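Coordinate inspection notes
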Amino acid sequence: MPGIILHVDFNSYFASVEQQKNPFLRGKPVGVIKAEGRTVIIAASYEAKKRGIKTGSSVFQAKQLCPEILLVPADFDSYDYITHKFYEICHRYSDLVELLSLAEVFLDVSQTALLFGPPSGEASGAGQIAFLLKKDIKTELGEWLPVSIGIAKNKLLAKLASDLEKPNGLVEITDENLDGCLGRAEFEQICGIGRRLEQRLKDIGITQLLQ
């Protein structure tokens, strides 16, 4: 029996937690820094990302790209608290939960998916779990904490699936749509392919994943 893996990933986690905590920050470009006076952005809201600001951007660069950016010192206690609650929610749907970082987990629902699948067959059990997870997170943690969820038969593809639609996406990779998903994915979306390996692949004429 093939596995059923969910990769559940908060979007712009630190910045989203800050927007959830403080309504004034919602809908605005936010850059999270480690502390007052620090010069590197460690997380950016989607509003900031649309202006070209990325994790690792300097504060100087961020202000050039977006003069109105709001800089917020990181609150790691809040991030830890939300992660703990998130972990508890995930355990409602499987005992096999692997925490990858403060913002993401793998959830193995191979043995529990059928418990949540609707009798009508309108959605797979894994799809129903994904729907319920999104609902629980929104209700219990806050509407400004969206997650993207990928569903696949293994961890590599589940992580790719969650990265294909952000923010707040839900993608299931199956044997039937695998080629289509790989065809539209970037090298950097595959865990283990960094910039150096990507360049080596391109140097030998490989420009996309299906090759």
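Here's what I pulled together on the structure shown here. (Residues numbered from 1 in each chain as written. Predicted model: local features only at pLDDT ≥ 70, side-chain atom pairs only at ≥ 80, totals over all residues. Heavy atoms only, no water.)

1. Here's the deal with the environment of Phe60
If you trace the backbone, Phe60 turns up in helix α3 (residues 59-65). Separated by 24 residues in the primary sequence, Phe60 and Glu36 have C-alpha atoms spaced 14 Å apart. (Helix = DSSP H or I, 4+ residues; strand = E, 2+ residues; numbered from the N terminus.)

2. A look at the sheet that holds strand β4 (residues 70-73)
Sheets are built from strands that pair by backbone hydrogen bonding, the pairs being arranged parallel or antiparallel. Ordered in space as β3-β2-β4, the three strands form an open sheet in which the pairing is mixed. Two strands in the sheet have a free side with no partner beyond their single neighbour: β3 (43-44) and β4. Here strand β2 (residues 30-33) runs beside β4; their pairing, made up of four bridges, is parallel. In the sheet register, Gly31 faces β4, and the bridge partner there is Leu71. Sitting on the sheet, helix α1 (residues 13-21) is in contact with β2, β3 and β4, with an inclination near 110° to β2. (Pairing = 2+ DSSP bridges. Contact = heavy atoms within 4.5 Å. Axes fitted to C-alpha atoms, helices over the stretch in contact; angles between N-to-C directions.)

3. Looking at the pairing of strand β5 (residues 97-101)
Pairing of β5 with strand β6 (residues 104-108) involves four bridges; the strand directions are antiparallel. Its bridge partner lying in β6, Ser101 is registered against Glu104. Following β5, the chain reverses through two residues before pairing antiparallel with β6.

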